[in-house]
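Structure at a glance
Here is how the chains run, residue by residue.
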Amino acid sequence: MKIEENVPFSTITTFKVGGVARYLITLESLDDLPEAVAFAKRTSLPLVPIGGGSNILGPDGVLDAVLVRVQDDTRVFADETVTVGAGASWDRVVREAVEHGLWGIENLSAIPGTMGGAVVQNIGAYGAVLSDVIESVRVFDTHQGMVREVLKSQSAFGYRTSIYKSERDRFIILSATLKLSFAPKPNLGYADLKSLDASSPVNKIRDAVLHVRAQKFPDLSEFGTAGSFFLNPIVDADTARALQSRFPNMPVFDLPEGGIKIPLGWFFEHVLQLKGVRSGAVEAWRAQALVIAAHPGATSEEIKNFVAHVTDRAKKELQIDIVPEVRVL
Ligand SMILES: Cc1cc2nc3c(=O)[nH]c(=O)nc-3n(C[C@H](O)[C@H](O)[C@H](O)COP(=O)(O)OP(=O)(O)OC[C@H]3O[C@@H](n4cnc5c(N)ncnc54)[C@H](O)[C@@H]3O)c2cc1C
């Protein structure tokens, strides 16, 4: 187990801003778990799991916490199943699955972060969602002090959520098992992919997703970001109808688990006209306003102020409450 002190958030999050985390533990093996938990107890600091830091905004000062990161990045393919260590780069998993000719996660190409973070957030993109292919998740349950296998049905997956998110910091995800398919299952309903032929091979779909995403998101080598900063609001039918009567062109999406998803990006672009709006070193991204980008020199405080301003405008001008998808530490 490796313990580092005063680790800059600029080096462990894709926002690349902020101060330092008091401690960062890298779990090199399962055997490190009891010691890591004991270390956090001794320091009386909360234990906070972290993956690739692509959905986290750290504070400008010192975060008094013990961040814990799982190193295991193994990927074991067996027929249509793949078991992936929590520390594996998610996009590497997608690339390798596609190389194996396996379908199911190609639409989730190029999402930054790790397997562990992907499970917590139940990542989704282009009409696909991770929980569609999750079979089980192996966790260390810090309440019970033991390793457990949690089935998909016990994981409370929903829109960008899971039990691993709602019971925050209780579980350290160690690995996940995905069930993919050799039988083609093209998922081309999303507008950006509609031009693809239904007989396209899986690698062609991945390439198309990579291409589309490269136009939409800031280049991480130049800007900091955590992708879409906000969740799309989920509302009931009455609220959706009321919004549609005010904004007749507003698209809506019915969620399989119930509720109607309001596309916040559409409001940001067409109603609040936020695309490319900049305040100091913070920008509502020019190609997708839901994405908040940090120009060099931005601070965490500046980002939070920008977010507060946008949240306020959504409340006043749209009468909707919006909440961050990004975890603000
Ligand atoms: C450019 C860009 C584009 C993006 N596009 C998308 C997109 O299309 N769709 C989408 O859904 N998301 C997207 N995201 C958000 C982000 O990539 C995902 O949420 C990602 O899955 C986070 O993974 P991570 O390993 O970086 O997690 P982190 O950011 O490190 O952590 C996220 C959460 O998971 C917890 N966590 C992390 N690892 C573990 C673990 N092993 N055990 C327990 N808890 C853990 C953390 O405590 C935190 O609450 C994007 C982000 C960026 C920067």
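Residues numbered from 1 in each chain as written. Predicted model: local features only at pLDDT ≥ 70, side-chain atom pairs only at ≥ 80, totals over all residues. Heavy atoms only, no water.

Let us look at the pairing of strand 10 (residues 134-141). Counting buried positions over the eight residues of strand 10 gives six, a clear majority of the element. Sheet topology note: the strand 10/strand 12 (residues 171-179) ladder contains seven bridges and is antiparallel. Along strand 12, the bridge assignment pairs Ser136 with Thr177. As defined by bridge partners, strand 10 adjoins strand 11 (residues 146-151) across six bridges and the pair is classed as antiparallel. Bridged to Ser136 within strand 11 is Leu151. (Buried < 20%, exposed > 50% of the residue type's maximum accessible area, 1.4 Å probe, protein only. Helix = DSSP H or I, 4+ residues; strand = E, 2+ residues; numbered from the N terminus. Pairing = 2+ DSSP bridges.)

The next subject is the sheet that holds strand 3 (residues 47-49). Pairing is mixed across the open sheet formed by four strands, whose spatial order is 1-2-5-3. Bordering the open sheet on either side are strand 1 (2-8) and strand 3, each of which pairs with just one other strand. Sheet twist, expressed as the average angle between the axes of neighbouring strands with direction ignored, equals 30°. Bridge count for strand 3 against strand 5 (residues 62-70) is three bridges, and the pairing is parallel. Along strand 5, the bridge assignment pairs Val48 with Leu67. This element, helix 2 (residues 33-43), spans strand 1, strand 2 (20-27), strand 3 and strand 5 of the sheet and lies at about 160° to strand 2. (Axes fitted to C-alpha atoms, helices over the stretch in contact; angles between N-to-C directions. Contact = heavy atoms within 4.5 Å.)

Under the definition given, this model contains 18 salt bridges. Of the charged contacts in the structure, one is a salt bridge between Arg22 and Glu5, with a shortest N-O distance of 2.9 Å. Residue Arg22 is located in strand 2, and its partner Glu5 is located in strand 1; the two are separated by 17 residues in the primary sequence. Assessed through its relative accessible area of 26%, Arg22 is described here as partly exposed. Among the salt bridges present, the one from Asp192 reaches Lys216, with a minimum N-O distance of 2.6 Å. Residue Asp192 is found in the loop between strand 12 and helix 6 (202-216), and its partner Lys216 is found in helix 6; the two are separated by 24 residues along the sequence. Salt bridges sharing common partners tie together Asp141, Arg148, Glu167 and Arg170. (Salt bridge = Lys/Arg side-chain N within 4 Å of Asp/Glu carboxyl O.)

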